[in-house]
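Working through the structure, step by step
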Amino acid sequence: MNPNLNVINDSESIRAYQHRIQIFAHDLQQEKNPKKRAITALYLAEAATILARLETEQSNKSI
């Protein structure tokens with residue numbers, strides 16, 4: 001199997017979190033309900049935090 005396909009299909013990959021963040025950011029822009037906006041913002045913040053951790057781990061591996 002092509003190793004690049006595994007990265008795309010891995011829901012815990014950097015690429016997956018980048019995509020998730022784009023979706024949450026778009027949803028946040030479109031949402032009008034303040035409670036739903038707050039929840040979406042929390043999801044966005046959590047995804048961004050995990051992405052930052054994954055990117056840091058990856059950069060530490062390449063050093």
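Let me begin by describing the structure that accompanies this report. (Residues numbered from 1 in each chain as written. Predicted model: local features only at pLDDT ≥ 70, side-chain atom pairs only at ≥ 80, totals over all residues. Heavy atoms only, no water.)

Things to note about the side chain of Thr40
If you trace the backbone, Thr40 turns up in helix H3 (residues 34-61). Residue Thr40 is classed as buried on the basis of its relative accessible area of 12%. A distance of 2.9 Å separates a polar atom in the side chain of Thr40 from the backbone oxygen of Lys36. What Thr40 contacts, discounting residues up to four positions off in sequence, is Phe24, Asp27 and Leu28. (Helix = DSSP H or I, 4+ residues; strand = E, 2+ residues; numbered from the N terminus. Buried < 20%, exposed > 50% of the residue type's maximum accessible area, 1.4 Å probe, protein only. Polar contact = N/O pair within 3.5 Å; in protein donor to acceptor, adjacent residues only side chain to side chain. Contact = heavy atoms within 4.5 Å.)

Considering the nonpolar core
In this structure, Ile14, Tyr17, Ile21, Phe24, Leu28, Leu44, Ala47, Ile50, Leu51 and Leu54 together form the largest nonpolar core, which totals 10 residues. Where this core is concerned, the elements lending two or more residues are helix H2 (14-30) and H3. Residue contacts for Leu28: discarding those within four places in its chain leaves Arg37, Thr40, Ala41 and Leu44. (Core = buried A, V, L, I, M, F, W, Y, C linked by side-chain atoms within 4.5 Å.)

A few points about the side chain of Ser13
Here Ser13 shows up in the loop between helix H1 (3-9) and H2. A distance of 3.0 Å separates a polar atom in the side chain of Ser13 from the backbone oxygen of Asp10. Looking at Ser13, its side chain comes within polar contact range of the main-chain nitrogen of Ala16, at 3.0 Å.

Some remarks on H2
Here H2 spans 25 Å end to end across 17 residues, near enough to the 24 Å set by a 1.5 Å rise per residue. Looking only at H2, the buried set comprises Ile14, Ala16, Tyr17, Ile21, Phe24 and Leu28. The buried residues of H2 occupy an angular sector of 150 degrees when the element is viewed end-on, so they sit on one face. Looking at H2, the residues exposed on the side facing more than 90 degrees away from the buried face are Gln22 and Gln29. Here the buried face of H2 lies against H3. (Expected span 1.5 Å × (residues − 1). Arc of directions from axis to C-beta.)

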